[in-house]
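# Observations on the model geometry
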Amino acid sequence: MFITFEGIDGSGKSTQIKLLVEYLTSHGLKVVSLREPGGTDFGEKIRELLLSKEFELSPVTELMLFEAARSHLVANVIKPALSDGNIVVSDRFYDSTTVYQGYGRGLPLEPIMICNRLAADGIVPDITFYLDISVDTSEQRSLAKDKDRIESSGNLFFEKLRHGFNELSEQNPDRFVIIDASGDRMSTHNTIIGRLNLNSIMSGIE
Ligand code: TYD
């Protein structure tokens with residue numbers, strides 16, 4: 001089973017992933033947790049290039065680098081882990097590319113989706129938790145943070161991202177679960193595990 005988390009910066013994905021991984025492993029399930037971009041030594045190097053303020057990257061350069069990191073991650077980590085019976089939990093996957101490089105940076109969506117499919121090589125998330133927060137909440141939660149290159153793109157960019165995630169949720173109701181992530185972390189966690197059908201996962205149906 002492949003679970004992805006999506007959301008704008010400050011939506012609390014990493015905290016929720018940590019809580020979910022603890023929950024799943026405490027029920028005896030094998031879990032591999034990773035993040036995009038990154039998740040492999042090669043991917044972490046691409047991540048540094050993407051987030052560094054040293055380079056000004058065009059939207060197409062960004063797109064290609066995210067897809068390169070993803071393709072490597074799918075082949076070397078995600079596919080082997082799924083074949084080995086693990087639940088794979090990923091902090092972002094190709095929906096981030098559609099939203100950040102498409103809705104955010106303004107690249108046309110159709111070629112992005114083609115690149116996404118190419119890099120994902122047949123892998124589609126079984127469930128995507130979209131942690132929704134307002135741009136104001138994102139801003140408040142990120143106040144103390146040293147922003148990376150992409151996070152420094154301004155509030156209008158973040159409004160576009162939120163709109164993009166909402167559209168993708170509407171287009172993919174079979175796998176997208178919208179979670180209101182404005183509250184405290186334990187109530188968000190409980191909502192997430194409420195939406196996962198642990199019994200069917202454990203009996204191997206999913
Ligand atoms: P990260 O520090 O991991 O942000 P977060 O904790 O919010 O996930 O940095 C990843 C950044 O890269 C984030 O701003 C989203 C962006 N991104 C894209 O623009 N396109 C992509 O395809 C992916 C995977 C991430």
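Please refer to the structure placed before this passage.
Overview of the structure. All residue numbers refer to positions counted from 1 along the written sequence of the respective chain. It should be noted that, the model being predicted, local features are given only for residues of pLDDT at least 70 and side-chain atom pairs only at 80 or more, the latter also being counted only at that level, while totals for whole chains, interfaces and linings use all residues. As a rule here, side-chain values cover all heavy atoms of the structure and leave hydrogens and water aside.

## Examining the sheet that holds strand β3 (residues 87-91)
Stated formally: We treat two strands as partners when DSSP finds at least two bridges between them. Numbering of helices and strands runs from the N terminus, with a helix taken as a DSSP run of H or I at least four residues long and a strand as a DSSP run of E at least two residues long. For helices, the fitted axis covers only the stretch in contact; all axes are lines through C-alpha atoms, and the angles between them, taken along N-to-C directions, range from 0 to 180 degrees. Two residues form a contact once any of their heavy atoms are found within 4.5 Å.
Taken together, the five strands give an open sheet; going across it, the order is β2-β3-β1-β4-β5, and neighbouring strands pair in parallel fashion. Each edge of the sheet is formed by a strand with only one pairing partner; in this case those strands are β2 (31-35) and β5 (176-180). When strand polarity is set aside, the average angle formed by the axes of neighbouring strands in this sheet is 20 degrees. Across four bridges, the pairing between strand β1 (residues 2-6) and strand β4 (residues 127-132) is parallel. Counted as the bridge partner of Phe-5 is Phe-129 from β4. Strands β1, β2 and β3 of the sheet are contacted by helix α3 (residues 59-83), whose axis makes an angle of about 160 degrees with β2.

## Side note on the nonpolar core
As a reminder, the rule being used: To form a nonpolar core, buried Ala, Val, Leu, Ile, Met, Phe, Trp, Tyr and Cys residues must be joined to one another through side-chain atoms within 4.5 Å. Summary of the burial criterion: residues with accessible area below 20% of their type's maximum are buried, those above 50% are exposed, and those between are partly exposed, where the area comes from a 1.4 Å probe applied to protein chains only.
By size, the foremost hydrophobic cluster in this structure holds 41 residues, and its most contacted members are Ile-3, Phe-5, Leu-20, Leu-24, Val-89, Phe-129 and Leu-196. Dropping the residues within four chain positions of it, Leu-196 is found in contact with Met-1, Ile-3, Leu-20, Leu-24, Ile-127, Phe-129 and Ile-201. By size, the runner-up hydrophobic cluster in this structure holds 11 residues, among which are Phe-2, Leu-73, Val-74 and Phe-93.

## Considerations on the site of the ligand
Heads up, the condition is: The criterion for a residue being near a molecule or strand is simple. One of its heavy atoms has to lie within 4 Å of it. Within 3.5 Å is the distance limit for a polar contact, defined as a pair of N or O atoms, with the added protein rule that one can donate a hydrogen and the other accept it, and that residues adjacent in sequence qualify only through two side-chain atoms. Computed with the Shrake-Rupley method and a 1.4 Å probe, the accessible areas treat only the protein chains shown as cover for residues.
Contacts to the ligand come from 15 residues, most closely from Lys-13, Arg-47, Arg-92, Thr-97 and Gln-101. The contact in question runs from an oxygen atom of the ligand to an N or O atom on the side chain of Arg-47, over 2.9 Å. The contact in question runs from a nitrogen atom of the ligand to an N or O atom on the side chain of Gln-101, over 2.8 Å. Across the complex, the protein chains shield 91% of the 550 Å² of accessible surface that the ligand would expose by itself. Of all the elements in the fold, those that place two or more residues in the shell around the ligand are α2 (41-51), α3 and α4 (94-104).

## Some thoughts on α3
Here is the rule: Every helix has an expected span of 1.5 Å times one less than the residues it contains. Given a residue, its bend is the angle between the two axes fitted to the seven residues that end at it and to the seven that start from it.
The end-to-end C-alpha distance of α3, which contains 25 residues, comes to 34 Å, matching closely the 36 Å that a straight helix rising 1.5 Å per residue would cover. Of all the bends found along α3, the most pronounced is centred on Val-74 and spans about 45 degrees. Buried residues of α3: Glu-62, Leu-63, Phe-66, Glu-67, Ala-69, Arg-70, Leu-73, Val-74, Ile-78 and Ala-81, and no others. Where α3 is buried, its residues meet β1, β2, α2, β3, α4 and α5 (109-120).

## Details of the packing of aromatic side chains
Given two aromatic rings, one states the distance between the centres and the angle between the planes to describe the pair. Put simply, the rule reads: Two aromatic rings from Phe, Tyr or Trp, using only the six-membered ring of Trp, form a pair when their centres are within 6.5 Å; if the ring planes differ by under 30 degrees the pair is stacked, by over 60 it is edge-to-face, and anything between is tilted.
Tallying each qualifying case throughout the model produces seven aromatic pairs. Ring centres of Tyr-100 and Phe-165 lie 6.5 Å apart, and the angle between their planes is 75 degrees; on these two criteria the pair is classed as edge-to-face. One end of the pair, Tyr-100, is in helix α4; the other, Phe-165, is in helix α7 (residues 155-171), and 65 residues separate them in sequence. For Tyr-100, a relative accessible area of 6% gives the class buried. Relative to Phe-165, the ring of Tyr-130 lies with its centre 4.9 Å away and its plane at 25 degrees, an arrangement referred to as stacked. Here Tyr-130 is found in strand β4, whereas its partner Phe-165 is found in helix α7, with 35 residues between them in sequence. In this pair, the class of Tyr-130 matches that of Phe-165, namely buried. Through successive ring pairs, a cluster of aromatic residues spans Tyr-100, Tyr-130, Phe-157, Phe-158 and Phe-165.

## A look at the packing of α4 against α5
Condition: Throughout, the term roughly parallel applies to angles under 35 degrees, roughly antiparallel to angles over 145, roughly perpendicular to angles from 65 to 115, and oblique to all others. Crossings are classed by handedness, with left-handed meaning an anticlockwise turn of the near helix from the far one by less than a right angle and right-handed meaning a clockwise turn. Only Asp, Glu, Lys and Arg are considered charged in this grouping, and only Ala, Val, Leu, Ile, Met, Phe, Trp, Tyr, Cys and Pro are considered nonpolar; every other residue, Gly among them, is considered polar.
The contact between α4 and α5 brings their axes to 10 Å, and the two run at 155 degrees. Put simply, α4 runs roughly antiparallel to α5. Crossing of α4 against α5: the hand is right-handed. In this structure, α4 contributes Tyr-94, Thr-97, Thr-98, Gln-101, Gly-102 and Tyr-103 to the contact, and α5 contributes Leu-109, Ile-112, Met-113, Asn-116 and Ala-120. Residues that form the contact of α4 with α5 fall into these classes: six nonpolar, five polar and no charged.

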